[in-house]
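# Residue-level structural notes
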Amino acid sequence: MTTPHAAAINFQDHAALWSAGEARASEVVDAACAALVAGLDTPSLRILAARTRAEADYEVPDLLPAVLDELGLTLHPVACEGGQEAVARALARRMLTGELTPRHLAFRIHQRYGHELPLTQRLAELDDEYDLLVYGERTEEQIDADVTAEAHRLACDSGASLLHL
């Protein structure tokens, strides 16, 4: 069973990914349902969780701010550094749960932010290393291990703001 704290992180991740175009609105509704099952409960969360997949695209933009506010969660604008970091952390957690490979995580972060986002600079460098595997001295497994370590760093670094749940 998922803890309320883990469900809050998952919900906030889905919100960040949705705002960046990395997740569908129906996935936000699914995360709302999972949050209710885990023990989080607010009026707006119940309303959001009750939306159908067909309603999600229309309802999520209006309901999401109220749900986040009631849960004490934050959704930074995707164009600001805080929003970019939230998306990077959410993608890192997806890699750690097996939804992305290490190589795909590094590629997506590098593609999305290049070498410009300080938090993900190392992942961008590791994506470059994947591209140079045939010329380098390192193996793909070694680079995968470094990407996984970076994903753990990103995932562990973000839970502090949700400790009150």
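### Some words on the overall build of the protein chain
The helix and strand inventory of the protein chain stands at 8 helices and 0 strands. Helices and strands in the protein chain line up, N terminus first, as α-α-α-α-α-α-α-α. Whereas a compact globule of 165 residues would reach a radius of gyration of roughly 15 Å, the protein chain reaches 17 Å, a difference of no more than 12%. Projected onto its principal axes, the C-alpha coordinates of the protein chain cover approximately 55 × 30 × 25 Å. Each of the 165 residues in the protein chain was classed as buried or not, and the buried ones make up 44%.

### Some thoughts on the side chain of Glu-27
On the secondary structure map, Glu-27 appears in helix H2 (residues 25–38). In this structure Glu-27 touches His-14 and Arg-94, once residues within four positions along its chain are discounted.

### With respect to H2
Here H2 contains 14 residues, and its C-alpha end-to-end distance of 20 Å stays within 8% of the 20 Å for a straight helix at 1.5 Å per residue. If you follow the buried residues of H2, they end up packed against helix H1 (4–19), helix H3 (43–49), helix H4 (53–71) and helix H5 (81–96). Backbone geometry just after H2 places Gly-39 at a positive phi near 115 degrees.

### Section: the confidence of the model for the protein chain
Chain-level statistics for the protein chain give a pLDDT mean of 93 and a share of 95% at 70 or above. Looking at the elements of the protein chain, mean pLDDT is at its lowest for helix H8 (residues 140–157), recorded as 95, and at its highest for H3, recorded as 98. The low-confidence segment residues 159–165 (pLDDT under 50) makes 13 contacts with residues lying over four places distant or belonging to another chain.

### Focus: the packing of H5 against helix H6 (residues 102–113)
Interaxial distance between H5 and H6 falls to 9 Å at its minimum, and their mutual angle equals 165 degrees. In terms of axis orientation, H5 runs roughly antiparallel to H6. In this structure, H5 crosses over H6, and the sense of that crossing is right-handed. Residues Gln-84, Val-87, Ala-88, Leu-91, Ala-92 and Met-95 of H5 form the contact with H6, whose own contacting residues are Pro-102, Leu-105, Arg-108, Ile-109, Arg-112 and Tyr-113. Of the residues assigned to the contact of H5 with H6, the class counts are 9 nonpolar, 1 polar and 2 charged.

Conventions adopted
Residues numbered from 1 in each chain as written. Predicted model: local features only at pLDDT ≥ 70, side-chain atom pairs only at ≥ 80, totals over all residues. Heavy atoms only, no water. Helix = DSSP H or I, 4+ residues; strand = E, 2+ residues; numbered from the N terminus. Rg over C-alpha atoms; globule rule 2.2 N^0.38 Å. Buried < 20%, exposed > 50% of the residue type's maximum accessible area, 1.4 Å probe, protein only. Contact = heavy atoms within 4.5 Å. Expected span 1.5 Å × (residues − 1). pLDDT = per-residue confidence, 0-100. Axes fitted to C-alpha atoms, helices over the stretch in contact; angles between N-to-C directions. Parallel < 35°, antiparallel > 145°, perpendicular 65-115°, else oblique. Left-handed = near helix turned anticlockwise from the far one by under 90°. Nonpolar A, V, L, I, M, F, W, Y, C, P; charged D, E, K, R; others polar.

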